[in-house]
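# An overview of the molecular structure
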Amino acid sequence: MAITTFDQYIGAYKQHIQISKTAAVTTTAGNWATTWRAAGFPAAGTAPSDVVNGLVPTDAVTGFPTIQAFNGSNKGYLSRVEASSPVNQTLALFDVLFWAGPTTIPTSGTTTITLASQPVYSGRLPFRSDGSTPAYEEVEMWVWLTTAGSAHAHTFQMSYKDQDNNTAESTTAISTNGVVINRMLRVPWNTGDYGAQLMNGYLVNGATSSTGAVTAVFMRRLWTGRVNANTLNVFGPDLTGMPEVFGNSAIMLLGLPESTSTSTPNVLIEIAEG
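An account of the accompanying structure is given in this report. (Residues numbered from 1 in each chain as written. Predicted model: local features only at pLDDT ≥ 70, side-chain atom pairs only at ≥ 80, totals over all residues. Heavy atoms only, no water.)

### Side note on the nonpolar core
Let me state the cut-off plainly: In these notes, a set of buried Ala, Val, Leu, Ile, Met, Phe, Trp, Tyr and Cys residues joined through side-chain atoms within 4.5 Å is what counts as a nonpolar core. We call a residue buried when its accessible area falls under 20% of the maximum for its residue type, exposed when it is over 50%, and partly exposed in between, using a 1.4 Å probe and counting protein chains only. We call two residues contacting when some pair of their heavy atoms lies within 4.5 Å.
With 29 residues, the main nonpolar core has Y121, F156, M158, Y160, M199, Y202 and F218 as its most contacted residues. Dropping the residues within four chain positions of it, F156 is found in contact with V143, T172, A173, I174, T176, V187, Y202, L203, V204, N205, V214 and A216. With 19 residues, the next largest nonpolar core counts L78, A83, I251 and L253 among its residues.

### Some remarks on the pairing of strand β13 (residues 196-205)
Applied cut-off: Labels follow the DSSP assignment, with helices taken as runs of H or I lasting at least four residues and strands as runs of E lasting at least two, numbered in each case from the N terminus. Any two strands are treated as partners once DSSP identifies two or more bridges connecting them.
Of all ten residues making up β13, eight are buried, and the element is well covered by its neighbours. Across five bridges, the pairing between strand β7 (residues 110-114) and β13 is antiparallel. Paired with T110 across the strands is N205, a residue of β13. The sheet contact formed by strand β9 (residues 155-162) and β13 spans eight bridges and is antiparallel. Residue M158 lies in a different strand from β13, and its bridge partner there is Y202.

### Points about empty space enclosed by the protein
Left-over empty space is what a probe sized like a water molecule reveals as it rolls over the atoms. Rule in force here: A 1.4 Å probe that fits into a set of points on a 1 Å grid over the protein atoms alone but cannot get out defines a cavity; an open set with protein on both sides within 12 Å along at least five of seven lines defines a pocket, and lining residues are those with an atom within 4 Å of a point. Grid points are joined across faces, edges and corners, and a volume is the space filled by probe spheres set on the points. Classification convention: Asp, Glu, Lys, Arg as charged; Ala, Val, Leu, Ile, Met, Phe, Trp, Tyr, Cys, Pro as nonpolar; all other residues, Gly among them, as polar.
Taken as a whole and assessed by the stated rule, the structure comprises two cavities of 30 Å³ or more. Within this model, the largest cavity holds a volume of roughly 50 Å³. I19, K21, T35, W36, P42, G63, P65, I251, M252 and L253 together form the lining of the largest cavity. Elements with a contribution of two residues or more to the lining of the largest cavity: β1 (13-21) and β17 (251-257). Of the residues assigned to the lining of the largest cavity, the class counts are seven nonpolar, two polar and one charged. Lining the second largest cavity, in full, are H16, R80, E82, L268, I269 and E270. Within the residue set of the lining of the second largest cavity, elements represented by two or more residues are β5 (76-84) and β18 (266-273). For the lining of the second largest cavity, the element with the most residues is β18, which contributes three residues. In terms of residue class, the lining of the second largest cavity is made up of two nonpolar, one polar and three charged.

### Overview of the pattern of salt bridges
To keep things clear, this is the line we draw: By convention in these notes, a salt bridge is any Lys or Arg side-chain nitrogen within 4 Å of a carboxyl oxygen on Asp or Glu.
Evaluation of the coordinates by the stated rule reveals seven salt bridges. Here E137 ties to R128 by a salt bridge, and the two come within 3.0 Å at their closest N and O atoms. Judged by its relative accessible area of 27%, R128 is partly exposed. One salt bridge in this structure joins R226 and E258, with 2.8 Å as the shortest N-O distance. Highlighted residues: R226 in strand β14 (residues 213-227) and E258 in the loop between β17 and β18, separated in sequence by 32 residues. Counted as one network, the salt bridges with shared partners bring together E140, R186 and R221.

### Re the side chain of N233
Note the threshold: Between N or O atoms, a polar contact is any pair within 3.5 Å; within protein, one atom must be a potential hydrogen donor and the other a potential acceptor, and residues adjacent in sequence are included only when both atoms are from side chains.
As for its position among the elements, N233 is in strand β15 (residues 233-235). Polar contacts involving the side chain of N233 include one to the main-chain amide nitrogen of N228, which spans 3.3 Å. Beyond its immediate sequence surroundings of up to four residues, N233 is in contact with V81, E82, A83, R226, V227 and N228.

### Here's the deal with the pairing of β9
The element β9 is largely enclosed, with a buried count of seven among its eight residues. Two strands pair when backbone bridges link them, and β9 and strand β11 (residues 174-175) are joined in this way by two bridges, in the antiparallel orientation. Along β11, the bridge assignment pairs F156 with I174. Hairpin connection from β9 to strand β10 (residues 167-169): four residues lie between these consecutive antiparallel strands, with N165 at a positive phi of about 70°.

### Focus on the packing of aromatic side chains
Two aromatic rings are characterised by how far apart their centres lie and by the angle between their planes. Put simply, the test is: In this scheme Phe, Tyr and Trp rings, the latter by its six-membered ring, pair at centre separations within 6.5 Å, and the angle between planes marks the pair as stacked below 30 degrees, edge-to-face above 60, and tilted otherwise.
Taken as a whole, this structure holds 13 aromatic pairs when the rule is applied. Ring centres of W36 and W144 lie 6.1 Å apart, and the angle between their planes is 80°; on these two criteria the pair is classed as edge-to-face. Here W144 lies in strand β8 (residues 139-147) and W36 lies in the loop between β2 (33-34) and β3 (40-41), a separation of 108 residues in the sequence. Each member of the pair, W36 as well as W144, is classed as buried. Within the aromatic cluster, the residues linked to one another by ring pairs are W36, F64, W99 and W144.

### Topic: unusual backbone geometry
Note the cis peptide between F41 and P42, where omega equals -5°. Take P42: it is sitting in the loop between β3 and β4 (50-55). In this chain, G101 is followed by P102 through a cis amide linkage whose omega measures -5°. One non-glycine residue with positive phi stands out, namely N165, at about 70°. Along the chain, N165 turns up in the loop between β9 and β10.

Below, the structure is given as structure tokens:
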């Protein structure tokens, strides 16, 4: 089944999951940071620990909110978000599809991570309009500073297979120089690419006296919205777009504050089933 009309949405069974942080994440204004390791509900998560094959996280991993299994062949849709925050910021919800790391930034040369037997995440993507092809164009590539990067000229590059299963390497090295812990940086596509089927690995280019560690992440964006401080901000189905979510989606909250802290955001997520 699927929800295709407003009447079906009104009559659909709905579950509500919450992400409520009681500890702030220090970052820099206008830059994304993950709240995943901050205290609150769910409990703080920890960085993954796999640089051999990589991992496909699910809602069973500590740090992600639990999603009630859908009935039979029903699908789930992110239909409504209620969000509040003590500071002005843009919040975003992502389904974390795949990650590998962390890898320490070297003090010289390049550390190359080549993944071997990567688990498949295509089951966590909706289909394209043909009803059978996973929408790989919804995958975004990110690098997460799981340990703060020192003030040195170190960089990060992703190696991946694009939406058409062609092997490519990101043409631009992302600077991790002086990036604070829990900041997340978007990794650009190679020219002509717009999605990814597989993470082949990544390269961490070092510099003398460097410190820090990075984790490579593939995510699917579910919702983004600007939240005014100390106000309940409501985003209904007309603003969420009702993207499909899955019974094992690993939902992560990111903040892009207009100050230097995410403060303590609270998000109530409605998932309609049908």
